[in-house]
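# Descriptive structure summary
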Amino acid sequence: MSEGISQPDKPETLEGESRDLFSKFDDLIAMREGLLASGQEDPFNLVMEKVLSPTRAICNGRDTILLGTYNYMGMTFDPDVVEAGKQALEDFGSGTTGSRVLNGTYQGHKECEDALREFYAMDHAMVFSTGYQANLGIISTIAGKGDYIVLDIDSHASIWDGCAMGKAEVVPFKHNDLEAMEKRLRRIPEGAGKLVVLEGVYSMLGDIAPLKEMVAVAKKYGAMVLVDEAHSMGFIGEHGRGVCEQAGVIDDVDFIIGTFSKSVGTVGGFCVSNHPKFEILRLVCRPYVFTASLPPSVVATAATSIRKLMHGSNKRAHLWENSKRLHGGLKDLGFELGTEEPQSAIVAVIMPDLERGAAMWEALLKEGLYVNLARPPATPANMTLLRCSLCAEHSEEEVETILGMFKRAGKAVGII
Amino acid sequence: MDRPETDQTIRRLIDPFNKKGVEITEATTFAGDLEFDSLTVMDFVAAIEDEFDVIISMNQQAEIETYGQLVGAVHKLQADR
Ligand SMILES: Cc1ncc(COP(=O)(O)O)c(C=O)c1O
C-alpha cells in the first residue's frame, strides 16, 4: 500500500494495535496496567532472590516470611532429601532425556513409585512430570466420548482440562453440595460410564469435601471415584494419606491424584490405585507417554521425602497447631475467613474487593510477609482472596509475628 | 410436554435470573443480552435440570447460545427420555 492514502472503509489503526490473535487479551492487559499504574508491586512477578529456609526468603530485597508456598511439611531443605538429590545427580546425571516408556525409566523412578505404593498402601503408582499432567492424563484417558464426568464446580484447572481433553460429557455440581451431586448421578443415562472427580482440600477457601457421604453416593450409582489430594497429602489423615484417609473411605476410592510440588517439596505428580488393570495406563495415557520423565535428582528427593512423611506425625500435629493459631488469631482481629473453623493448612482471608486486596497484599509484603493473592476469575464467586498456607516449620513465635503484620496492614488499608 | 409448554416453564424459571428485565425472545442470547456469568449459568442450568429431570452437560451448553436454542434442546431432551 502506498503511503498517505487512507481508505475510507478501513479506519486507520496505530502500528501494533491492529487486531490479531492477541486482541482477546486486551481487557486483561488493560486491567493489569491499571493495577500497576497505581504504584502497586506486581503480585504476579515477585522474584525470590534468595531462599533461606522453607519459611524465609529474600523477596524484592526484603527478608520475608513465606506464608503462601504450599510447602506444608517444610521438606525442601530437609538434609536427607537434599543429600539424596545430590547423590542422584552425581550417579545418574542431570536428566533422563526420554519418556518413561522409552529410555526415561531409571531405578529412581521405580523407587519413587515403590515409596508411593507403600505410603498409600496401594497396589499401583504411576509418576508423572507434574500434578497438572497427572490429572490431565488420568481423567482424559479413563473418561472418553460418551462417558460422564460429574465434578465439583470449584475443581482445579488441571481437572477441567483433563475433562475437556477426553471429550466426556461434563456435568458440574455446586461446590460441596451432596444433593446436587446425587441428582446429577441419578439422571445419567443407563449404561453410560461414570466418573466422579472430587478434591480432598479445595485450595481457594481451604475447605474440605464431605468425602464420606460423597464417595458413598458415587458408589451407590456405580461411578468410579477420583480424588485429588494435592493439598492434603502428608498432612491430613493419620498417615498423611489425605482427606480420604481421615474420612475412612480410602478403600472405596478408585484413584488418588497427588503432587510432589506441595508437601513433598519438589516437582512431579502421581496417581495411585488398586485397580487390577491400572498398569495399562502407562501405554495409553498421552501426557505420561509423550513427555520426558523427571530428572533422577527429582525422583530421588521425592522418594526420600515421601518415606520421611510416613513418619511425620509430630510435624503434622505442629502444623495443625499453626493452622488453628493463625485461623483463630485472624478471626479475632476481625478478618473474614474462607471457613468458620480451620479445616486444612490453608487459611483464606476474604478481601472486600480487588483494589483493597492488592493493597493489602502489598502492605503485607512491605511488612515482610508473602501470601498468595488470588483474584477473579480463578476464584469462587469472583472473590479476591489472600491465601495463607502454613508450614510445619513455622514456629509458634512466627505465627504471632504474622498476626502482628496482618493487624498493622489491615488497619493501614482499612479492612479491619 | 409440548414446545409451547416447555417455553412457558423455562420463561418462569429464567425470571429470577433476568435481573435487568430483558425482554425474552427466541433470539435472546445468554452471554450477550442477559449477561449471564458462569455462576449464573450453573444455577440457571441446575434449575432447568431439576424442573425437567434432565442433564444438560457442559458440552451441550456450549452449543446453546440463544433462548430459542435452549427451549429446543430441553424439548428434545424430554422427548428422548
Ligand atoms: C488441586 C490441585 N491439583 C493439581 C495441581 C497441580 O500440581 P502441580 O503443581 O504438580 O502441577 C494443583 C497445584 O496447583 C492443585 O492445587
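What you see is a predicted model; the values in this text were computed from it and never measured. (Residues numbered from 1 in each chain as written. Chains lettered and ligands numbered in written order. Predicted model: local features only at pLDDT ≥ 70, side-chain atom pairs only at ≥ 80, totals over all residues. Heavy atoms only, no water.)

What follows is about the pattern of salt bridges. Inspection of every chain in the model, using the stated rule, returns 30 salt bridges over all chains. Two residues, Arg56 of chain A and Asp63 of chain A, come together in a salt bridge whose shortest N-O distance is 3.3 Å. Relative accessible area serves as the criterion here: at 43%, Asp63 of chain A is assigned to the partly exposed category. Residue Arg325 of chain A is joined to Glu396 of chain A by a salt bridge in which the shortest nitrogen-to-oxygen separation is 3.6 Å. Here the residue Arg325 of chain A occupies a position in helix H12 (residues 313-333), and Glu396 of chain A occupies one in helix H14 (residues 396-413), the gap between them amounting to 71 residues. On the accessibility criterion, Arg325 of chain A (23% relative accessible area) is partly exposed. Salt bridges sharing common partners tie together Glu179, Lys183, Arg186 and Arg187 of chain A together with Asp50 and Asp53 of chain B. (Salt bridge = Lys/Arg side-chain N within 4 Å of Asp/Glu carboxyl O. Buried < 20%, exposed > 50% of the residue type's maximum accessible area, 1.4 Å probe, protein only. Helix = DSSP H or I, 4+ residues; strand = E, 2+ residues; numbered from the N terminus.)

So, about the packing of helix H3 (residues 107-120) of chain A against helix H11 (residues 296-309) of chain A. Residues and elements named next belong to chain A. Packing of H3 against H11 brings their axes to within 8 Å, and their N-to-C directions diverge by 20°. When the axes of H3 and H11 are compared, the pair comes out roughly parallel. Of the two elements, H3 crosses H11, and the hand of that crossing is left-handed. Here Gly108, His109, Glu111, Cys112, Asp114, Ala115, Leu116, Glu118 and Phe119 of H3 lie close against H11, whose contacting residues are Val299, Ala302, Ala303, Ile306, Arg307 and Leu309. Looking at the contact of H3 with H11, its residues break down into nine nonpolar, two polar and four charged. (Axes fitted to C-alpha atoms, helices over the stretch in contact; angles between N-to-C directions. Parallel < 35°, antiparallel > 145°, perpendicular 65-115°, else oblique. Left-handed = near helix turned anticlockwise from the far one by under 90°. Contact = heavy atoms within 4.5 Å. Nonpolar A, V, L, I, M, F, W, Y, C, P; charged D, E, K, R; others polar.)

As a further point, take the site of the ligand. All names here are of chain A. Around the ligand sit 14 residues in total, of which Gly131, Tyr132, Asp228, His231 and Thr259 are the nearest. For the ligand, a nitrogen atom lies 2.6 Å from a polar atom in the side chain of Asp228. His231 places a polar side-chain atom, nitrogen or oxygen, 2.7 Å from an oxygen atom of the ligand. With three residues, helix H4 (residues 131-142) is the largest single contributor of residues to the shell around the ligand. For the shell around the ligand, a count of residues per class yields two nonpolar, nine polar and three charged. (Near = heavy atom within 4 Å. Polar contact = N/O pair within 3.5 Å; in protein donor to acceptor, adjacent residues only side chain to side chain.)

What follows deals with the UniProt feature "domain: Aminotransferase class I/classII large" (unreviewed entry) in chain A. Feature annotation in UniProt places "domain: Aminotransferase class I/classII large" (unreviewed entry) on residues 63-403 of chain A, given in this structure's numbering. Taken end to end, residues 63-403 of chain A comprises 41% helix and 18% strand; its first and last C-alpha atoms sit 17 Å apart. (UniProt positions renumbered as here; feature names shortened; annotations may be inferred.)

Attention now goes to the packing of helix H1 (residues 3-14) of chain B against helix H2 (residues 38-52) of chain B. All names here are of chain B. Orientation of H1 relative to H2, taken along the N-to-C sense of each, is 140°, at an axis distance of 10 Å. In terms of their interaxial angle, H1 and H2 are classed as oblique. Seen along the crossing, H1 lies across H2 with a hand that is right-handed. Only Phe44, Ala47, Ile48, Glu51 and Phe52 of H2 make contact with H1, whose side of the interface consists of Thr6, Thr9, Ile10, Arg12, Leu13 and Ile14. For the contact of H1 with H2, the per-class residue count stands at seven nonpolar, two polar and two charged.

Across chain A, the average pLDDT comes to 94, with 96% of residues at or above 70. Every residue in residues 1-8 of chain A is under pLDDT 50, and counting partners more than four places away or in other chains gives two contacts. (pLDDT = per-residue confidence, 0-100.)

All names here are of chain A. With mixed pairing, four strands are arranged side by side in an open sheet as S1-S2-S3-S14. If you trace the sheet from one side to the other, it starts and ends with strand S1 (48-53) and strand S14 (369-370), each paired once. Taken together, the four bridges between strand S2 (residues 56-59) and strand S3 (residues 62-66) define a ladder with antiparallel strand orientation. Pairing of Cys59 across the sheet is with Arg62, part of S3. Against the sheet, H14 makes contact with S2, S3 and S14, and its axis sits at roughly 110° relative to S3, the strand it touches most. (Pairing = 2+ DSSP bridges.)

What follows is about the domain arrangement of chain A. All names here are of chain A. We note that the domain assignment places domain 1 (39-73 + 313-413) and domain 2 (79-309) within chain A. Using C-alpha coordinates to define each centre, domain 1 is positioned 27 Å away from domain 2. Each side of the interface is counted separately: domain 1 has 21 residues, and domain 2 has 19 residues. With both chains or domains summed, domain 1 and domain 2 bury close to 1,800 Å², and 62% of this area falls on carbon and sulfur atoms. Contact with domain 2 buries surface across domain 1, with Tyr72, Arg316 and Gln343 losing the most and accounting together for 30% of the total. On inspection of domain 1 and its partner domain 2, the count reaches zero salt bridges. (Domains from an automatic or database assignment. Buried area = accessible area lost by both parts, 1.4 Å probe.)

When the parts come together, some accessible area is lost, and that loss is often what is quoted as the size of the interface. Contact with chain B, which involves 13 residues of that partner, is made by 18 residues of chain A. Across the interface of chain B and chain A, roughly 1,200 Å² is buried in total on both sides, 55% from carbon and sulfur atoms. When the area that chain B buries against chain A is broken down by residue, the three leading residues are Met42, Ile55 and Met58 of chain B, summing to 42%. Where chain B meets chain A, there are five salt bridges. Residue Arg186 of chain A pairs with Asp53 of chain B through a salt bridge whose shortest N-O separation is 3.6 Å. Where chain B packs against chain A, one counts eight residue pairs in polar contact (both at pLDDT 80 or more). Taken together, the elements giving at least two residues each to the side of chain B that touches chain A come down to H2 and helix H3 (58-61) of chain B. For the side of chain B that touches chain A, the element with the most residues is H2 of chain B, which contributes five residues. Across the side of chain B that touches chain A, the residue classes tally to six nonpolar, three polar and four charged.

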